[in-house]
Amino acid sequence: MKPLTPAQRQYLRGLAHNRQPVVMIGGQGLTPAVLKEIERALTAHELIKIKAASDEPEVRRAWLTEICAGTGAEPVQQIGKILVIYRPAAKPVIVLPA
């Protein structure tokens, strides 16, 4: 997937605003089971929020990078403990602006 443009990120942030986190990274960290759940959620929803339990900002940033590398998703936003990622489905439901 090619990187998102600023306009596309802004559009996706707007869509993600009212959504609830569908995956939580708990005290065990980013485990294979959590990555599998993120993969399942991306397949079902395209745009998801993830809640990260870590109090360390650099750990959350590392998790976001690892999640995107492992799933082929693009980071949309990180605000505090909430990570937002996007990966288009085989038949995209979300139509991104050009």
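Note: the structure precedes this text.
The shown structure was predicted, so the numbers you read here are calculated from the model rather than taken from an experiment.

1. Some words on the overall build of the protein
- In terms of regular secondary structure, the protein is built from three helices and four strands.
- Along the protein, helices (α) and strands (β) appear in the sequence α-β-α-β-α-β-β when read from the amino end.
- What you see for the protein is a C-alpha radius of gyration of 13 Å, in line with the 13 Å of a compact globule of 98 residues.
- Considering only C-alpha atoms, the protein reaches an extent of 40 × 25 × 25 Å along its principal axes.
- Per-residue burial for the protein yields a buried fraction of 35% across its 98 residues.
- Considering only contacts in the protein between residues 6 or more positions apart, those separated by 24 or more positions represent 67%.
- Within the structure as shown, the protein displays about 5800 Å² of accessible surface, and the carbon and sulfur contribution to it stands at 58%.
- Computed over 13 positive and 8 negative side-chain charges, the separation of the two mean positions in the protein equals 7 Å.

2. Considerations on unusual backbone geometry
- Its identity is not glycine, yet Glu46 carries a phi of approximately 70°, on the positive side.
- Among the secondary structure elements, Glu46 is positioned in the loop between α2 (32-45) and β2 (47-52).

3. Describing helix α3 (residues 57-71)
- Compared with the 21 Å implied by 1.5 Å per residue over 15 residues, the 21 Å span of α3 between its first and last C-alpha is a close match.
- Residues Arg60, Trp63, Leu64, Ile67, Cys68 and Thr71 constitute the buried set of α3. Angular distribution of buried residues about the axis of α3 spans 125°; they occupy a single face of the element. Across α3 from its buried face, at more than 90 degrees, point the exposed residues Thr65, Ala69 and Gly70.
- Within two residues after α3, Gly72 carries a phi angle of roughly 80°, on the positive side.

4. Here's the deal with the sheet that holds strand β1 (residues 23-25)
- In spatial order, the strands read β1-β2-β4-β3; together these four strands make up an open sheet with mixed pairing. If you trace the sheet from one side to the other, it starts and ends with β1 and β3 (74-79), each paired once. Each neighbouring strand pair of the sheet contributes to a mean axis angle of 25°, computed without reference to strand direction.
- Relative to strand β4 (residues 82-86), β2 runs antiparallel, the two being bridged by five bridges. Counterpart to Ile50 in the pairing with β4 is Leu83.
- Lying over the sheet, helix α1 (residues 6-16) contacts β2, β3 and β4, oriented at roughly 60° with respect to β3.

5. Section: the nonpolar core
- Grouped together as the largest cluster of nonpolar side chains are 17 residues, with contacts concentrated most on Ile25, Leu30, Ile38, Ile48, Ile50, Ile67 and Ile85.
- Listing elements by their share of this core, those giving two or more residues are β1, α2, β2, α3 and β4.
- Those residues in contact with Ile25 that sit more than four places away from it in its chain are Leu30, Val34, Ile50, Lys51, Ala52, Ala53, Trp63 and Ile67.
- If you look at the next biggest cluster of nonpolar residues, it comprises eight residues, including Leu47, Val84, Tyr86 and Ile94.

Cut-offs applied
- Residues numbered from 1 in each chain as written.
- Predicted model: local features only at pLDDT ≥ 70, side-chain atom pairs only at ≥ 80, totals over all residues.
- Heavy atoms only, no water.
- Helix = DSSP H or I, 4+ residues; strand = E, 2+ residues; numbered from the N terminus.
- Rg over C-alpha atoms; globule rule 2.2 N^0.38 Å.
- Buried < 20%, exposed > 50% of the residue type's maximum accessible area, 1.4 Å probe, protein only.
- Contact = heavy atoms within 4.5 Å.
- Areas by Shrake-Rupley, 256 points an atom, 1.4 Å probe, with all protein chains shown as cover.
- Lys, Arg positive; Asp, Glu negative; His and termini not counted.
- Charge placed at Lys NZ, Arg CZ, Asp CG, Glu CD.
- Expected span 1.5 Å × (residues − 1).
- Arc of directions from axis to C-beta.
- Pairing = 2+ DSSP bridges.
- Axes fitted to C-alpha atoms, helices over the stretch in contact; angles between N-to-C directions.
- Core = buried A, V, L, I, M, F, W, Y, C linked by side-chain atoms within 4.5 Å.

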